[in-house]
Every structure is written in C-alpha cells, then in structure tokens.
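Descriptive structure summary
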Amino acid sequence: MKRMIYIPLVALGLSACGDPSIEEELASANDRNEELQSILQTEEVALQKNTQRLEALEEDISKMQSVISNPDIDAYVDIVTDYSDAMKQGLSDLDTLLSDNADAQDLSTMNASFEEIEKSLAEAIEAYRDGATSVELDEYLVRRHSAIQLANEDILAALDSIGNGISASDQNLLDQGLVQLRNAHEYY
C-alpha cells in the first residue's frame, strides 16, 4: 500500500487565491477612486480657503497702498497729533491748577488761570475741527473723527461746568464737571 503524503497546498504556495478576480480588482479600484475623490475634495476646500485668504490679503494690500499714498491721511495724522499734544498740555495744566488749589476755600481765585486753560483747550478743539474738515477721510477715519467730535462736545460741556463751579466757588459743581471730563475719554 502506498502511502500518500498529504501536503497542504498553502504550504506549497499554491493557494486558490492566485490572481485576483476582475470583480475584486474592480472593487479595489472603486475603493481607491473614492479615497482619491475624498482627498481631492479636501484639497479643493483648502484651495478655496487659500484663494479667499489671498484675495483678502490682496484687498488689504490695495487698501494699504491707497492709505500710504493718500496725502489726506498724512494730513489727518498731523492734525490728530497736534490736537492730542494740545489737549494733553491743557489737561495737564488744569490738573496742576486744581492740585495747587485743592485746599483753597475760595475757588474763584482760580478763575483767571482756568479761563486761560479753557481757552487753550477750546482752541485745540477748534483747530481740530477746522483741520479735519479740510481733508477727505476714509470710512475708518470718519468713524474715528465722529468719536473725537463726540468727545469734544463732552469736553466743552465739562469745561463749562468746571468754569461755573470755579466762578461760583461751588465744589459740587466743580466735581460734576471733573466727572464729565473723565467720562469724555470713553469716546477715544
């Protein structure tokens, strides 16, 4: 009797798998196609976002170039700088006047000095108004200008109250004017 040796086909590398069938190749190709389409869609979205960012950057650059070459912007910056310097000086002078006379019983002794300070602040506000109306402002600067105008109105009203408090030697009225003056900074 002959002995049969049983050797599995797998051990010999002769499995039934062999070459994939057409259906398996088609399924694999479809899977790969879906994967590539998903990657392509992701890349298209990223490209759209990058395109939008580049367009926004180009718009920003264009705006900056128009601002850089706009003499009205430079003029407005100079106007605001002069205004700011004059306002700081006037408010510093007012602070010094009030500090030096903090213990004064008769506030009206500050009247002449206050009137000079009030006049310099009013002149700074007027110079700003005149200067700002002589330049063409872009949308952003129009908003800044409007805020400064509102602050100026409050500053003038506060100075009026402070002046009335000094003239009448009324500490409460003076304090109300100082509160108004402090609140004017909200517009800046």
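That block above? That's the structure.
These numbers were taken from a predicted model, which means no experiment stands behind them.

1. Looking at the packing of helix α2 (residues 71–100) against helix α4 (residues 139–167)
Each packed pair of helices is defined by two parameters, the angle between the axes and the distance between the axes. Running from amino to carboxyl end, α2 crosses α4 at an angle of 20 degrees, the nearest separation of the two axes being 13 Å. Here α4 runs roughly parallel to α2, going by the angle between their axes. For the pair α2 and α4, the crossing hand works out as left-handed. Two secondary-structure elements touch here, α2 through Ile73, Tyr76, Val80, Tyr83, Met87 and Leu94 and α4 through Leu141, Arg144, His145, Ile148, Asn152, Ile155, Leu159 and Ile162. Per-class residue counts for the contact of α2 with α4 are 11 nonpolar, 2 polar and 1 charged.

2. Quick word on the packing of aromatic side chains
Tallied over the entire structure, the rule returns 2 aromatic pairs. Consider the rings of tyrosine 76 and tyrosine 128, whose centres lie 6.2 Å apart with planes at 65 degrees: the pair is edge-to-face. Separated by 52 residues along the polypeptide, tyrosine 76 in helix α2 and tyrosine 128 in helix α3 (residues 111–133) bring together distant segments of the chain. Overall, the relative accessible area of 1% leaves tyrosine 128 in the buried class. Relative to tyrosine 128, the ring of tyrosine 83 lies with its centre 5.0 Å away and its plane at 45 degrees, an arrangement referred to as tilted. Of the two residues, tyrosine 83 is situated in helix α2 and tyrosine 128 in helix α3; the sequence distance between them amounts to 45 residues. Each member of the aromatic cluster is reached from another via a ring pair, and the members are Tyr76, Tyr83 and Tyr128.

What counts, and at which threshold
Residues numbered from 1 in each chain as written. Predicted model: local features only at pLDDT ≥ 70, side-chain atom pairs only at ≥ 80, totals over all residues. Heavy atoms only, no water. Axes fitted to C-alpha atoms, helices over the stretch in contact; angles between N-to-C directions. Helix = DSSP H or I, 4+ residues; strand = E, 2+ residues; numbered from the N terminus. Parallel < 35°, antiparallel > 145°, perpendicular 65-115°, else oblique. Left-handed = near helix turned anticlockwise from the far one by under 90°. Contact = heavy atoms within 4.5 Å. Nonpolar A, V, L, I, M, F, W, Y, C, P; charged D, E, K, R; others polar. Phe/Tyr/Trp six-rings, centres within 6.5 Å; stacked < 30°, edge-to-face > 60°. Buried < 20%, exposed > 50% of the residue type's maximum accessible area, 1.4 Å probe, protein only.

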